[in-house]
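# Descriptive analysis of the structure
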Amino acid sequence: MSFPKTIQAITINKNGGVDALEKQLVPFPQQNPSNVLVKVHYGGVNFVDTYYRSGLYPTKSFPLAIGTEASGVIVALPTDEAVLNDEQYKKRGYKVGDKVAVMTLGSHAEYVSAPYTKVYAVPESVSLLIAAASILQGLTALTFMTESYYVKKGDYVFIHTIAGGLGLIFSQIAKHRGAIVIGTTSTPEKAEVAKKHGADHVILYTKENTVDRVLEITNGEGVHVVYDGVGKDTFEDDFKLLRRKGTLVSVGNASGPVPPFAPLKLVEKNLAILRPALANYTVTPEETLQYGTELFQLISSGVIKIVVYKEYPFTTEGVREAQTDLTTRGGKTIGKLVIKIAEN
């Protein structure tokens, strides 16, 4: 099969605001003999994209193709004999034409090349749209609720911005495991969506005191775990929300990175705090196969329902609009934002 010498991709040539984003021609991905080559159909939009764009996550050189999550079909398999004979690779049973999701930097492009451990088989029952909308946030929620703090029956679980793409998946996994789910959002409309996706209590942070309501709901004890993707703006309140021996999982930096703090801050309640990264929970071939399989089983069975807010066009203007919508706190978006890169 012949491939073009150049492809269209969403790139940045400098760090900055959304005006740094542009669609431009870049070289076709180098065909590494160890990698799987995928023709991309959809790209998921995530806060990590904005971290690369703004410079919060450093860039070694420009232009940088962005996007860390996509779905599509396999168009070329590895040719490296070591990979082809690897038992973990054989377990995937990949074939040209198979539907897959991919997690690697530079995924908002017409084609992407990635190691097989970063490529996840998508069941026939799951569309490419849902695959792109679920793989990064779904694996984040699943691993963080399993390894950062194992959510179990009877736990009080608190989720900031519960009506976002990640928040809704957190909520559904927690509810599936029998936890009592509490979250925050900005509008009654978003609260209703969250309640339909597992939330027992939704606090409108624009009108209610979050700490007071959580202590009321938990009879003054606080919650077992907080999942906080907001960062700087909500960090101090997290310590007030937690009960003795509670766990704070710092998920992201939507409002900016958490400031430095003294470890003595944890002593008052013997708290634990983590700042995990999905990439460090999905390192080995065994881990990626386990979590990828579990995630798509939960989606196929209806335990996790993915809400797609909007499909944006694969244009400079479309991607700028998507990142603007994503980062407007208290804005209108509910669920996941997706870029439509190619026709099915």
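Residues numbered from 1 in each chain as written. Predicted model: local features only at pLDDT ≥ 70, side-chain atom pairs only at ≥ 80, totals over all residues. Heavy atoms only, no water.

Going by the annotation in an unreviewed UniProt entry, the name recorded for the protein chain is Probable quinone oxidoreductase, with Laetiporus sulphureus 93-53 given as the source organism.

## A look at the sheet that holds strand 10 (residues 180–185)
In spatial order, the strands read 11-10-9-12-13-14; together these six strands make up an open sheet with parallel pairing. Edge positions in the open sheet fall to strand 11 (201–204) and strand 14 (272–274), since each of these has one partner strand only. Direction aside, the axes of adjacent strands within the sheet are offset by 15° on average. Together, strand 9 (156–159), strand 12 (223–228), strand 13 (242–250) and strand 14 form the strand contacts of helix 4 (residues 128–148), whose direction differs from that of strand 13 by roughly 145°. (Pairing = 2+ DSSP bridges. Helix = DSSP H or I, 4+ residues; strand = E, 2+ residues; numbered from the N terminus. Axes fitted to C-alpha atoms, helices over the stretch in contact; angles between N-to-C directions. Contact = heavy atoms within 4.5 Å.)

## Quick word on the sheet that holds strand 1 (residues 6–12)
Taken in spatial order, the three strands line up as 2-1-4 in an open sheet, and their pairing is antiparallel. Edge positions in the sheet fall to strand 2 (21–27) and strand 4 (64–65), since each of these pairs with one other strand and no more. Pairing between strand 1 and strand 4: two bridges, direction antiparallel. Each residue of the ladder has a partner; that of threonine 11, found in strand 4, is alanine 65. The sheet strands contacting helix 10 (residues 316–327) are strand 1 and strand 2, and the helix crosses strand 2 at an angle near 130°.

## Some points on the pairing of strand 16 (residues 336–340)
Counting buried residues in strand 16 gives four out of five residues, a clear majority hidden from the surface. With three bridges connecting them, strand 3 (residues 35–44) and strand 16 associate as antiparallel partners. Bridge pairing in strand 16 links glycine 43 to isoleucine 339. The pairing of strand 15 (residues 308–313) with strand 16 spans five bridges and is classified as parallel. Its bridge partner being in strand 16, proline 313 is matched across the sheet by lysine 340. Each parallel crossover has a hand, and the one from strand 15 via helix 10 to strand 16 is right-handed. (Buried < 20%, exposed > 50% of the residue type's maximum accessible area, 1.4 Å probe, protein only. Right-handed = clockwise from strand over helix to strand, strands pointing away.)

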